[in-house]
Amino acid sequence: LSARLSIDPATSIGAVPRRLFGTFVEHMGRSVYEGIYEPAHPSARPDGFRADVLALVQELGATTVRYPGGNFVSGYRWEDGVGPRSERPVRLDAAWHSVETNQIGLHEFADWAREARLELMYAVNLGTRGIADAADVLEYANHPAGTALAERRRANGAEEPFGIRLWCLGNEVDGPWQIGHKTADEYGRLAAETARLMKFIDPAVELVAAGSSNAEMPTFGEWERTVLRHTVGLVDHISLHAYYEESDGDAASFLASGTALDRYIEQVAAIIDEAGAGPGSEHPVGISVDEWNVWYQRRWNEIDKPVVMNGDWPERPRLIEDAYSVTDAVVVGSLLVSLLRHSDRVTMANLAQLVNVIAPVRSEPGGPAWRQSTFFPFQRTAALAHGRVVAPVIEVPSIRTAAHGEAPLVDAVATVADDGGIVLFVTNRSLEEDVALEVALRGVADSPVGAGGASALQLFRLVSAETLRTPPGGDRHTINDADAQPVALTRLDGVRLDGALLTATLPALSWSVVVIA
Ligand code: AHR
């Protein structure tokens, strides 16, 4: 099998939105407690946060973090999580049938996020609450001083405002599972009124209206149209959530999940255009892919959820701690390709979630923390995608998939840095066959520029080539766990750069990244 790509830096589709590499911490399961925070852990710092987990989060290199939910936020009272810890109430979390101790709240999390080098994106409760509470938490967080709420924040230890810029107006309100589920009209009105008040209080905020929970929702499309009718001019982004999984052993469809995400984003973009809020309009609305990942939801819905929702009310139960395989990591890499390719419309995105709960980082109480397979494509893409995005012209055979129709066997995107350096992110979706790849680089000299000869063309050298593939002795289901982490990036051997022609062999079922500068 072979694939030919052509990369022309002159055809850039726009700047890499660095917020594309966001992530998500929800108060659920062992994400916060026993995830980022475990005061009794040997690596715990004086503030109770785990140093080993923090180090992995810093290494992951995400740019933003959405907090505190998720479904959790639709029943959350933000003020439960501020003030002296000994006085914080213990509450039922009806979203996840758990008990919330409120030992971590806005202050502790904002401090942790700062150390983790993550911009905080805060979600307000539009499930059990409404515009007054959204306004209160905004004033508490962002107003400098002199009002009851700002002074309360200062008395609680934060002299300076948190300066939170990104705010989500509720979560998955279209879903019947959501606390305070609403019709599109009900939500659209509430989101508009909340947005208006929040912008009165702090005009610098950027607001995200809640779009659909997935592309299969019966209300998808109509939901976005209605919500935008109410909110255009008041919000800056509309969200979509997208989770993918392998069903009934249909690996081909699973590996083509990027094609489904492409379509989903393009459908939402078309609705934004219809609403008169496309790029270049007076009030453009971007797409925030607020939650995306591989998530084995069928297992959760059919096996785990009936048990969790009927049993006791535990603290920090083990919820949706999916162990990710080589195949899952290749899909995550290709979903990142899809997000980058749509960076003219997608303004930000969050890998859901960050620690333990469908996460790239896992930890055990009192024990180790480790990188899941999905850590690697995310970490490398976040570290290397800078400058402008270029969608290569791709000539490859297609694969037929039961769920998504035809999908290209090889998918790729490139970024071009200010100094002209090119990074190629590329996935081979074939389960069995290697692919011979040829990449023509436009605007690159095919021989050294002669002494004194001025040329607009650049001469490049190969800096690095890495791949995530099935490790020796493993198979496509191999995972990393607390005892062994066989899935990692390895060098992609045999890559050659001859002037303007790059050649490589992409291993079967792989995600690779090639850097030339
Ligand atoms: O990320 C897990 C859950 O997925 C979130 O709480 C919810 O928003 C979505 O359904």
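Given the structure is predicted, the values throughout are model-derived calculations rather than measurements. Each chain carries its own residue numbering, running from 1 in the written order of its sequence. With pLDDT at 70 or above as the cut-off, local features in this predicted model cover only qualifying residues; side-chain atom pairs require 80 or more to be listed or tallied, and sums for whole chains, interfaces and linings still use all residues.

Enquirer: Even after reading the chapter, I still don't get the nonpolar core, so can you show me in this structure?
Expert: A general tendency of soluble globular proteins is for nonpolar side chains to be buried together. If you look at the biggest cluster of nonpolar residues, it comprises 156 residues, and the most contacted ones within it are Val65, Trp167, Leu169, Val361 and Leu424. Here this core gets ten residues from one element, more than from any other, and that element is helix H10 (residues 326-341). Throughout the structure description, domain borders are defined by an automatic or database domain assignment. Of the domains in this structure, domain 1 (17-384) and domain 2 (389-516) are the two that each give at least three residues to this core. Here, residues touch in the contact sense if the C-beta positions derived from the backbone fall within 7 Å of one another. In contact with Val65, other than residues within four places in its own chain, are Gly22, Thr23, Phe24, Val25, Ala113, Leu118, Leu120, Met121 and Leu354. Definition of nonpolar core: a set of buried Ala, Val, Leu, Ile, Met, Phe, Trp, Tyr and Cys residues joined via C-beta atoms within 7 Å. The burial label depends on the number of other C-beta atoms within 10 Å of a residue's C-beta. Counts of 20 or more mean buried, 12 or fewer mean exposed, and intermediate counts mean partly exposed, with C-beta atoms placed from the backbone. Labels follow the DSSP assignment, with helices taken as runs of H or I lasting at least four residues and strands as runs of E lasting at least two, numbered in each case from the N terminus.

Enquirer: I'm lost on the environment of Leu506 in this one. Help?
Expert: Relative to the helices and strands, Leu506 is located in strand S25 (residues 501-506). Exposure remark for Leu506: the 28 C-beta atoms within 10 Å place this residue in the buried category. In sequence terms Leu506 and Thr427 are 79 residues apart; their C-alpha atoms lie 7.9 Å from each other. Apart from residues lying up to four places away in sequence, Leu506 is in contact with Val410, Val426, Asn428, Asp434, Val435, Leu437 and Ser512.

Enquirer: How should the site of the ligand be read in this particular structure?
Expert: Each residue receives a C-beta atom built from its backbone; the residue is near a molecule or strand if that atom lies within 6 Å of it. For the ligand, the full set of nearby residues is Glu26, Gly69, Gly70, Asn71, Asn171, Glu172, Glu291, Ala352 and Gln353. Across the shell around the ligand, the residue classes tally to one nonpolar, five polar and three charged. Three categories are distinguished: nonpolar for Ala, Val, Leu, Ile, Met, Phe, Trp, Tyr, Cys and Pro, charged for Asp, Glu, Lys and Arg, and polar for the others, with Gly belonging to the last.

Enquirer: When you look at the pairing of strand S22 (residues 462-468) in this model, what are you seeing that I'm missing?
Expert: Remember that side chains alternate between the two faces of the sheet whenever the strand is regular. Pairing between strands is defined by DSSP: at least two bridges between the two strands are required. As paired elements, S22 and strand S26 (residues 510-516) share six bridges and run antiparallel to each other. Within S26, the residue paired with Thr467 across the bridge is Ser512. Relative to strand S23 (residues 490-491), S22 is paired through two bridges, and the arrangement is antiparallel. Residue Glu466 lies in a different strand from S23, and its bridge partner there is Arg491.

Enquirer: Even after reading the chapter, I still don't get the domain arrangement of the protein chain, so can you show me in this structure?
Expert: Many authors give the size of an interface as the accessible area that is lost as the parts come together. Under the domain assignment, the protein chain is made up of domain 1 (17-384) and domain 2 (389-516). Each of domain 1 and domain 2 was reduced to a C-alpha centroid, and the two centroids are 31 Å apart. Each side of the interface is counted separately: domain 1 has 35 residues, and domain 2 has 36 residues. Counting only elements with at least two residues in the side of domain 1 that touches domain 2, the list comes to helix H7 (251-255), helix H8 (257-274), H10, strand S14 (369-371) and helix H11 (375-384). Per-element accounting of the side of domain 1 that touches domain 2 gives the leading share, ten residues, to H10.

Enquirer: Could you clarify how one ought to interpret the packing of helix H3 (residues 131-142) against helix H4 (residues 148-155) in this entry?
Expert: Every axis in this analysis is a line fitted to C-alpha atoms, fitted for helices over the stretch in contact. Angles between the N-to-C directions lie between 0 and 180 degrees. Taken N-terminus to C-terminus, the directions of H3 and H4 make an angle of 50°; their axes are 7 Å apart at the nearest point. By the angle between their axes, H3 is oblique relative to H4. Crossing of H3 against H4: the hand is right-handed. Contact residues: Asp136, Glu139 and Tyr140 in H3; Leu149, Ala150, Arg152 and Arg153 in H4. For the contact of H3 with H4, the residue count by class is three nonpolar, no polar and four charged. These descriptions rest on fixed angle ranges, namely under 35 degrees for roughly parallel, over 145 for roughly antiparallel, 65 to 115 for roughly perpendicular, and the rest for oblique. Left-handed is the label given to a crossing in which the near helix is rotated counterclockwise from the far helix by less than a right angle, and right-handed is the label when the rotation is clockwise.

Enquirer: Explain the pairing of strand S19 (residues 410-416) to me, please; I cannot follow it from the model alone.
Expert: By the criterion of burial, S19 is predominantly enclosed, with seven of the seven residues buried. By the alternation rule, side chains of S19 split into Val410, Ala412, Ala414 and Val416 and Asp411, Val413 and Thr415, which are all buried. Pairing between strand S15 (residues 388-390) and S19: three bridges, direction antiparallel. By the bridge assignment for S19, Arg388 is matched with Val416. Bridge analysis of S19 against strand S20 (residues 422-428) gives seven bridges, and the strand direction is antiparallel. Across the sheet, Ala414 pairs through a bridge with Leu424, a residue of S20.

Enquirer: Looking at this structure, I do not really get the sheet that holds strand S2 (residues 14-15). What am I missing?
Expert: Pairing between the strands of a sheet is mediated by backbone hydrogen bonds and can be parallel or antiparallel. Ordered in space as S2-S15-S19-S20-S26-S22-S23, the seven strands form an open sheet in which the pairing is antiparallel. Of all the strands in the sheet, the pair left with one neighbour each is S2 and S23. Of the strand pairs in this sheet, S2 and S15 are connected by two bridges, and their pairing is antiparallel. Bridging across to S15, Ala15 finds its partner in Arg388. Strands in contact with H11 are S20, S22 and S26; relative to S26, the strand with the most contacts, it is inclined by about 20°.

Enquirer: Explain unusual backbone geometry here, please?
Expert: Comment: phi is negative for the bulk of residues other than glycine, and the bulk of peptide bonds are trans. The peptide bond linking Tyr67 to Pro68 adopts the cis configuration, its omega dihedral lying at 0°. Among the secondary structure elements, Pro68 is positioned in the loop between strand S4 (64-67) and strand S5 (91-93). Here the residue pair Ala352 and Gln353 is connected by a cis peptide bond, since its omega of 0° sits within 30 degrees of zero. With respect to the helices and strands, the residue Gln353 is situated in the loop between strand S12 (346-352) and strand S13 (361-363). Even without being a glycine, Arg117 presents a positive backbone phi close to 60°. Tracing the sequence through the fold places Arg117 in the loop between helix H2 (106-115) and strand S7 (119-124). Owing to 12 C-beta atoms within 10 Å, Arg117 belongs among the exposed residues under this scheme. One non-glycine residue, Asn356, lies in positive phi territory at about 70°. Structurally, Asn356 is set in the loop between S12 and S13.

Enquirer: For this particular structure, what's the right way to read the sheet that holds S25?
Expert: On the basis of which strands lie adjacent, the open sheet formed by five strands has the order S16-S1-S21-S25-S24 and mixed pairing. The sheet is open, and its two edges are formed by strand S16 (393-395) and strand S24 (496-498), each paired on a single side. Each strand of the sheet is rotated relative to its neighbour by a mean of 15°, with strand direction disregarded. The pairing of S24 with S25 spans three bridges and is antiparallel. Paired with Arg496 across the two strands is Thr503, which belongs to S25.

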